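# Architecture at a glance
Here's the letter readout for the chains.
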Amino acid sequence: MSNPTATPKNSFRKATLWLIWTWLIVFALLPNILVIATSFLTRDTSNFIKLPVTINSYQRMLDPLYLEVFLHSLWMAGITTVLCLLFGYPFAWLVSKAKARWQPLLMVMLILPFWTNSLVRTYALKLLFANNGLLNRLLMSLGIIDKPIDILYTQGAVIAGLTYLLFPFMVLPLYAVFTDLREDMLLASKDLGASRLQTFWHVVLPLTTPGVISGVLLVLLPAMGMFYVADILGGARHLLVGNIIKNQFLDARDWPFGAAASVLLTLAMAMLLLAYRASSRRIGKTDFNEVA
């Protein structure tokens, strides 16, 4: 006897799947295909792009000027990622060790700034770092400095802004792997005579590596693309790859070169995703979606 509710359920499931696939194709796949195709075309002053097909945009990325900006952007993004990891790893561990009733509150406090637009928060940092800002006033009132120090429009200000904005993205995947960390493995390591350092190095770190790589994914590449942070806190003196992409599309009107820079960032993301998958398989998680 057939189930009368089976057909409506199947219809709803199929409609949902079609909606998801349509959304992914229209708003994810096709835009990326257009960007890749644009990167191989030629710049046109009136229509933005034109034939013939060429790789000149990718060759221009090897220009010392753009290569220096890319490496400098990678350097700042790398420092941001390291800072987020150094502070986020113990923070996530402490939250995971807190009492169960306090953990949701601590996580809500972590993501609470997301209720405000990141651009607004970046302007708030500008007011904080300015020569007459709150930070300089506090330091002078405490007698630590005699005159305001230049914080705004420096590399340190850009890195501080990136770290502040992206810190939660490092903590969330780390917290997920710490909550899944099996206590019996830690106890077994202790029973076998391992020290705390040995337990951390041989047990905790390998098991939390997927969370580390996931956090790096969510911090490193976005840090290279957050052009407005470099514009507001760096005064366009310390450019990111995102500034190049933005300037090429909006100012120079060189869409192929801007698209080529975007493709390179996408390739870098793909390499990190492969590393994430490999680390997941290493600890026995073959399903790529099992780890947050």
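Okay, so let's go over this structure. Source: prediction; values computed, not measured.

## With respect to the layout of surface pockets
Left-over empty space is what a probe sized like a water molecule reveals as it rolls over the atoms. By volume, the largest pocket is sized at about 470 Å³. Forming the walls of the largest pocket are 16 residues, and the residues nearest its centre are Trp93, Leu186, Arg196, Thr199 and Val204. The set of elements that each furnish at least two residues to the lining of the largest pocket consists of α3 (64-97), α8 (183-191) and α9 (196-225). Volume-wise, the second largest pocket comes out at about 190 Å³. In this structure, the second largest pocket is lined by 13 residues; those nearest its centre are Phe70, Leu74, Met224, Leu264 and Ala268. At the level of elements, α3, α9 and α12 (255-282) are the ones that each hand at least two residues to the lining of the second largest pocket. Considering every element that reaches the lining of the second largest pocket, the biggest residue donor is α12, with four residues. Residue composition of the lining of the second largest pocket, grouped by class: 13 nonpolar, no polar and no charged.

## Some words on the packing of aromatic side chains
Under the definition given, this model contains ten aromatic pairs. Judged by centre distance (5.9 Å) and plane angle (85 degrees), the ring pair of Tyr89 and Phe200 falls under edge-to-face. Here the residue Tyr89 occupies a position in helix α3, and Phe200 occupies one in helix α9, the gap between them amounting to 111 residues. On the basis of relative accessibility, which here comes to 30%, the residue Phe200 falls in the partly exposed class. Ring centres 5.2 Å apart and planes at 85 degrees place the aromatic pair Phe114 and Phe169 in the edge-to-face group. Remark: Phe169 occurs in helix α7 (residues 155-179) and Phe114 occurs in the loop between α4 (103-111) and α5 (118-129); sequence separation between them is 55 residues. Cluster of aromatic residues (ring-pair linked, three or more members): Phe48, Phe249 and Trp255. Sitting over the ring of Phe257, Arg60 keeps its end group 4.1 Å from the ring centre. Above the plane of the ring of Phe114 lies Arg121, whose end atom (NZ or CZ) is 5.5 Å from the centre.

## A look at a nonpolar patch on the surface
Together, Leu17, Ile20, Trp21, Trp23, Leu24, Ile25, Val26, Phe27, Leu29, Leu30 and Ile33 make up a nonpolar patch on the protein surface, roughly 1,100 Å² of accessible area in all. Tracing the sequence through the fold places Leu30 in helix α1 (residues 6-39). We classify Leu30 as partly exposed; its relative accessible area is 41%.

About the criteria used
- Here, residues in each chain are numbered from 1, in the same order as that chain's written sequence.
- Residue-level local features of this predicted model are given only where pLDDT is at least 70; pairs of side-chain atoms are given and counted only at 80 or more, and the full residue set underlies all totals for whole chains, interfaces and linings.
- Hydrogens and water molecules were not included; the side-chain quantities draw on all heavy atoms of the structure.
- Using a grid of 1 Å spacing that covers the protein atoms alone, one calls a set of points a cavity when a 1.4 Å probe fits there but cannot get out, and a pocket when the set is open and has protein on both sides within 12 Å along at least five of seven lines; lining residues are those with an atom within 4 Å of a point.
- Grid points are joined across faces, edges and corners, and a volume is the space filled by probe spheres set on the points.
- Secondary structure counts use DSSP, requiring at least four H or I residues in a row for a helix and at least two E residues in a row for a strand, with both numbered from the N terminus.
- Each residue is assigned to one of three groups, with Ala, Val, Leu, Ile, Met, Phe, Trp, Tyr, Cys and Pro labelled nonpolar, Asp, Glu, Lys and Arg labelled charged, and all others, Gly among them, labelled polar.
- Stacked, edge-to-face and tilted are the three classes for Phe, Tyr and Trp ring pairs, Trp counted by its six-membered ring, which pair at centre distances within 6.5 Å; planes under 30 degrees apart are stacked, over 60 edge-to-face, the rest tilted.
- Between buried and exposed lies partly exposed: a residue is buried under 20% and exposed over 50% of the maximum accessible area for its type, with that area taken using a 1.4 Å probe on protein chains only.
- Consider the ring centre and the ring normal. A charge sits over the ring if Lys NZ or Arg CZ is within 6 Å of that centre and within 35 degrees of that normal.
- Within the patch definition used here, like charges are joined within 9 Å and nonpolar side chains (Val, Leu, Ile, Met, Phe, Trp, Tyr) within 5 Å, considering only residues with over 30% relative accessible area and no salt bridge.
- Methods summary: accessible areas were calculated by the Shrake-Rupley approach with a probe of 1.4 Å, and residue burial reflects only the protein chains presented.
- Salt bridges are defined by distance alone: a side-chain nitrogen of Lys or Arg within 4 Å of a carboxyl oxygen of Asp or Glu.

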